[in-house]
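Observations on chain architecture
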Amino acid sequence: MIIKKAQFLMSNTEVAKCPSANLPEYAFIGRSNVGKSSLINMITNNKKLAKTSNKPGKTQLINHFLINDEWYLVDLPGYGYAKTSRQLRNIWAGFIKKYLTQRENIVCIFVLIDARHEPQQIDLDFMYKLTMNQLPFSIVFTKADKLSKTRLAKNIEKYINKMLEIWDVAPEYFITSSTTTQGRLELLEYIEKLNNSDVSNDLKSKVY
Ligand code: GTP
Ligand code: MG
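Here's a quick rundown of the structure. Every chain's residues receive numbers from 1 upward, in the order its sequence appears when written. To read the labels, note that chains go from A and ligands from 1, taken in the order they are written. Per-residue local features of the predicted model are confined to residues with pLDDT of at least 70, and side-chain atom pairs are confined, for both listing and counting, to 80 or more; whole-chain, interface and lining totals are unaffected and use all residues. Just so you know, side-chain values use all the structure's heavy atoms and leave hydrogens and water out.

What follows covers the sheet that holds strand β5 (residues 106-114). Through backbone hydrogen bonds, the strands of a sheet pair up, either in parallel or in antiparallel fashion. Read from one edge to the other, the open sheet built from seven strands follows the order β1-β3-β4-β2-β5-β6-β7, with strand pairing classed as mixed. Lying at the two open borders of the sheet, with one neighbouring strand each, are β1 (6-12) and β7 (173-175). Neighbour-to-neighbour, the strand axes of this sheet turn through a mean angle of 25°, independent of strand direction. What makes two strands pair is DSSP finding at least two bridges between them. Runs of E in the DSSP output that reach at least two residues are strands. Runs of H or I that reach at least four are helices, and both are numbered from the N terminus. As defined by bridge partners, strand β6 (residues 137-142) adjoins β7 across three bridges and the pair is classed as parallel. Bridging from a neighbouring strand, I139 pairs with Y173 of β7. Contact definition: two residues touch when any of their heavy atoms are within 4.5 Å. Angles here are taken between N-to-C directions and fall from 0 to 180 degrees, while the axes themselves are lines fitted to C-alpha atoms, restricted in helices to the stretch in contact. Contacts from helix α3 (residues 95-102) reach β2 (25-30), β3 (62-67), β4 (71-75) and β5, with the element oriented near 145° to β2. Against the sheet, helix α4 (residues 121-132) engages β2, β5 and β6, with an angle of about 170° to β5.

Turning our eyes to something else, we now look at the site of ligand 1. The local shell around ligand 1 holds 22 residues, among which K36, S38, G57, D145 and S178 are the closest. Under the rule applied, a polar contact is a pair of N or O atoms within 3.5 Å (in protein, one hydrogen donor and one hydrogen acceptor; residues adjacent in sequence only if both atoms are side-chain atoms). Contacts to ligand 1 include S37, whose side-chain N or O atom sits 2.9 Å from an oxygen atom. In this structure, an oxygen atom belonging to ligand 1 sits 3.4 Å away from a main-chain N or O atom of G78. Amino acid classes used here: Ala, Val, Leu, Ile, Met, Phe, Trp, Tyr, Cys and Pro are nonpolar; Asp, Glu, Lys and Arg are charged; the rest, including Gly, are polar. Of the residues that constitute the shell around ligand 1, the class distribution is two nonpolar, 14 polar and six charged. It suffices for a single heavy atom of a residue to lie within 4 Å of a molecule or strand for the residue to be listed as near it.

Time to look at helix α6 (residues 184-195). An ideal rise of 1.5 Å per residue puts 16 Å on 12 residues; α6 measures up with 16 Å between its terminal C-alpha atoms. Each residue is placed in one exposure class: buried if its accessible area under a 1.4 Å probe, protein chains only, is under 20% of its type's maximum, exposed if it is over 50%, and partly exposed if it falls in between. Those residues of α6 not exposed but buried are R184, L187, L188, Y190, I191, L194 and N195. When α6 is viewed along its axis, its buried side chains cluster within an angular range of 160° and face the same direction. In α6, the exposed positions angled more than 90 degrees off the buried face are occupied by L185, E189 and K193. For a helix, the expected span equals 1.5 Å multiplied by the residue count minus one. An arc is given here, and it is the one of the directions from the helix axis to the C-beta atoms.

Attention now goes to helix α5 (residues 149-164). Three- or four-residue spacings in an α-helix give side chains the same orientation, since the helix completes a turn every 3.6 residues. Between its terminal C-alpha atoms α5 stretches 23 Å, which fits the 22 Å expected from 16 residues at 1.5 Å a residue. Looking only at α5, the buried set comprises L152, N155, I156, Y159, I160 and M163. One face of α5 carries all of its buried residues, which in axial projection span an arc of 130°. Opposite the buried face of α5, at more than 90 degrees from it, the exposed residues are T150, K154 and E157. Looking at the buried positions of α5, the neighbouring elements they touch are β5, α4, β6 and β7.

Residues belong to one nonpolar core when they are buried, are Ala, Val, Leu, Ile, Met, Phe, Trp, Tyr or Cys, and are joined through side-chain atoms within 4.5 Å. Core analysis: the largest hydrophobic core is formed by 33 residues, its most contacted members being Y99, L100, V111 and M127. Elements represented by at least two residues in this core include exactly β2, α3, β5, α4, β6 and α5. Beyond its immediate stretch of four places on either side in the chain, V111 contacts I29, Y79, F126, M127, L130, F137, S138, I139 and V140. Counting 26 residues, the second largest nonpolar core, distinct from the first, contains V34, L39, M42 and F174.

Pasting the structure below:
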């Protein structure tokens, strides 16, 4: 897929105020500072589209971007920079949970995981909650440029094996770097495939 147009639409905290739910939507979520906003800029090839920062906690709202007039990309606030489950509880109790569980047109939630780290309980708990709520997700490993090829492969293998202790099947996953653009084409191809799936086509014929 070629990105011809990427525009910021709006920021808010309420599902009811989000743009019309008749286009396929993809949400990026993960720990603060994992690289969600950077990945949105990398995918759309526009460094200024989503606001990034080297300090955690930059994105505070639900931010909708309209891509090629055909689908939505959503930048969300991150959860717990500190590894406390209280922070996950807060985010799961607040507007993010409402958004994830009530927004009808979400086709896939991309859970971003920093490829450098050991599997973190907070991310596993978050994905477990998604599964329990029957919300479809895929994993995007970020910051691949910060690791050697060998180390990267080892970390990914470890992560997937950890997931297979809980899940029967490993999720779809992508290895990316916003610095080198690694993984961009794979992600766009995947989104294009989902945009053309029955789930997305049903959305387009619905009237909201
Ligand atoms: P919050 O909005 O605070 O939740 O953070 P975020 O997940 O949106 O992270 P953001 O995109 O703002 O990036 C955080 C920091 O990581 C910034 O300093 C980015 O430049 C850096 N960063 C993000 N992605 C990459 C990457 O792929 N490679 C490298 N080397 N740095 C990255
Ligand atoms: Mg952000």
